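Residue strings, one per chain:
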Amino acid sequence: MTIRVMVADDQAMVRQGFTVLLNAEPGIEVVGQAVDGLDAVAKVAELDPDVVLMDIRMPELGGIEATRRITQAPDATVKVLVLTTFDLDEYVYEALRAGASGFLLKDASAAQLAEAVRVVAAGDALLSPNITKRLILEFSRTLGAPRAPLKERVGDLTERETEVLALIAQGLSNAEIAQRLVVAEQTTKTHVSRILLKLGLRDRTQAAVFAYETGLVRPAGY
């Protein structure tokens with residue numbers, strides 16, 4: 001099945017560059033381009049892509065708010081992959097909270113770009129365990145006290161699911177969680193799926209954000 005991609009960036013050279021690279025990849029087709037956030041929201045509704053490559057800084061409407069509008073639309077299934085210049089851009093964390101499934105550096109190679117699109121389209125989060133940990137630890141310290149409504153939702157999880165959620169937030173992969181808990185990796189995958197379903201989250205990155213926001217896990221020293 002062909003993965004339908006839309007590129008949203010206010011720089012024409014970036015849009016064209018990504019379009020050329022992706023169209024050269026088997027199983028991937030760029031179905032449209034957007035010049036700003038408002039255009040991206042409109043084009044997603046019109047073209048129904050599987051994945052949107054979303055720049056953060058754009059005129060009219062920024063990538064974060066555009067991501068929020070796109071992912072929170074009724075019956076939304078599109079995945080948003082945020083484009084950024086720096087791997088610890090202060091806005092990346094906000095983009096993840098807005099519903100993005102991960103982020104990609106603009107200087108990524110053609111192979112990295114194609115792999116990122118495929119990973120996100122498959123429903124996985126595009127953040128390696130190490131980057132997840134770095135990113136969340138860097139910005140979760142600015143969140144303040146846990147929000148009660150979110151904290152109460154942790155009670156919906158079993159003791160083991162809560163344990164798995166905490167390990168996800170620490171940046172562990174499914175294989176590492178399985179090793180830590182001395183269970184099969186498939187068992188871990190089942191726990192992760194149930195956690196996402198119970199909490200109404202899109203992927204493990206959203207789960208990690210949730211764990212920090214509820215206070216289930218806090219940055220070291222905080």
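Structure: see above.
Residues numbered from 1 in each chain as written. Predicted model: local features only at pLDDT ≥ 70, side-chain atom pairs only at ≥ 80, totals over all residues. Heavy atoms only, no water.

Draft legend 1. Structural detail: the overall build of the chain. Helix and strand counts for the chain stand at 11 helices and five strands. For the chain, the proportion of its 222 residues judged to be buried stands at 48%. Taking the contacts inside the chain whose residues are at least 6 apart along the sequence as the reference set, 68% of them involve residues at least 24 apart. Counting only carbon and sulfur atoms, one obtains 51% of the accessible surface of the chain, whose full area is about 10,700 Å². (Helix = DSSP H or I, 4+ residues; strand = E, 2+ residues; numbered from the N terminus. Buried < 20%, exposed > 50% of the residue type's maximum accessible area, 1.4 Å probe, protein only. Contact = heavy atoms within 4.5 Å. Areas by Shrake-Rupley, 256 points an atom, 1.4 Å probe, with all protein chains shown as cover.)

Draft legend 2. Just the pairing of strand β4 (residues 79-84), in detail. Across the six residues of β4, six count as buried, placing the element largely inside the fold. Here β4 shows a buried face lined by K79, L81 and L83 and a second buried face lined by V80, V82 and T84. Sheet topology note: the strand β3 (residues 51-55)/β4 ladder contains five bridges and is parallel. Looking at β4, one finds that V51 is bridged to K79. Between β3 and its parallel partner β4, the chain crosses via helix α3 (residues 63-71), and the hand of that crossover is right-handed. Direction of pairing for β4 relative to strand β5 (residues 102-105): parallel, over a ladder of four bridges. If you follow L81 over to β5, its bridge partner there is G102. (Pairing = 2+ DSSP bridges. Right-handed = clockwise from strand over helix to strand, strands pointing away.)

Draft legend 3. A look at the nonpolar core. The biggest cluster of nonpolar side chains holds 24 residues, and the ones touching the most others in it are M6, A8, V52, M54, V80 and V82. Put simply, the parts of the chain that give this core at least two residues each are β1 (3-8), α2 (37-47), β3, α3, β4 and α4 (90-98). Examining the composition of this core, we find that four residues originate from one element, α4, more than from any other. If we skip the residues at most four places from it in the chain, A8 touches A34, A40, V52, L53, M54, D55 and M58. Counting residues in hydrophobic clusters, the runner-up holds 22 residues, among them A166, I168, L172 and A207. (Core = buried A, V, L, I, M, F, W, Y, C linked by side-chain atoms within 4.5 Å.)

Draft legend 4. A look at the packing of helix α8 (residues 159-169) against helix α11 (residues 204-214). Where α8 contacts α11, the two axes come as close as 8 Å, and the packing angle between them is 100 degrees. As far as their axial angle goes, α11 and α8 are roughly perpendicular. Residues L165, I168 and A169 of α8 lie in contact with α11, whose contacting residues are R204, A207, A208, F210, A211 and Y212. Class assignment for the residues of the contact of α8 with α11 results in eight nonpolar, no polar and one charged. (Axes fitted to C-alpha atoms, helices over the stretch in contact; angles between N-to-C directions. Parallel < 35°, antiparallel > 145°, perpendicular 65-115°, else oblique. Nonpolar A, V, L, I, M, F, W, Y, C, P; charged D, E, K, R; others polar.)

Draft legend 5. Focus on the sheet that holds β3. Judged by pairing direction, the sheet is parallel, and its five strands sit side by side in the order β2-β1-β3-β4-β5 without closing on themselves. Every interior strand has two partners, whereas the edge strands, β2 (28-34) and β5, have only one. Averaged over all adjacent pairs, the angle separating strand axes in this sheet is 25 degrees, with direction ignored. Together, β1, β2, β3 and β4 form the strand contacts of helix α1 (residues 12-23), whose direction differs from that of β2 by roughly 165 degrees. Running at roughly 120 degrees to β3, helix α5 (residues 110-121) makes contact with β1, β2, β3, β4 and β5 of the sheet.

Draft legend 6. Seen up close, unusual backbone geometry. Residue D48 is not a glycine yet carries a positive backbone phi of 50 degrees. Among the structural elements, D48 can be located in the loop between α2 and β3. In the Ramachandran plot, D75 falls in the positive-phi region, its phi being about 60 degrees despite a non-glycine side chain. Mapped onto the secondary structure, D75 falls in the loop between α3 and β4. For D75, a relative accessible area of 76% gives the class exposed.

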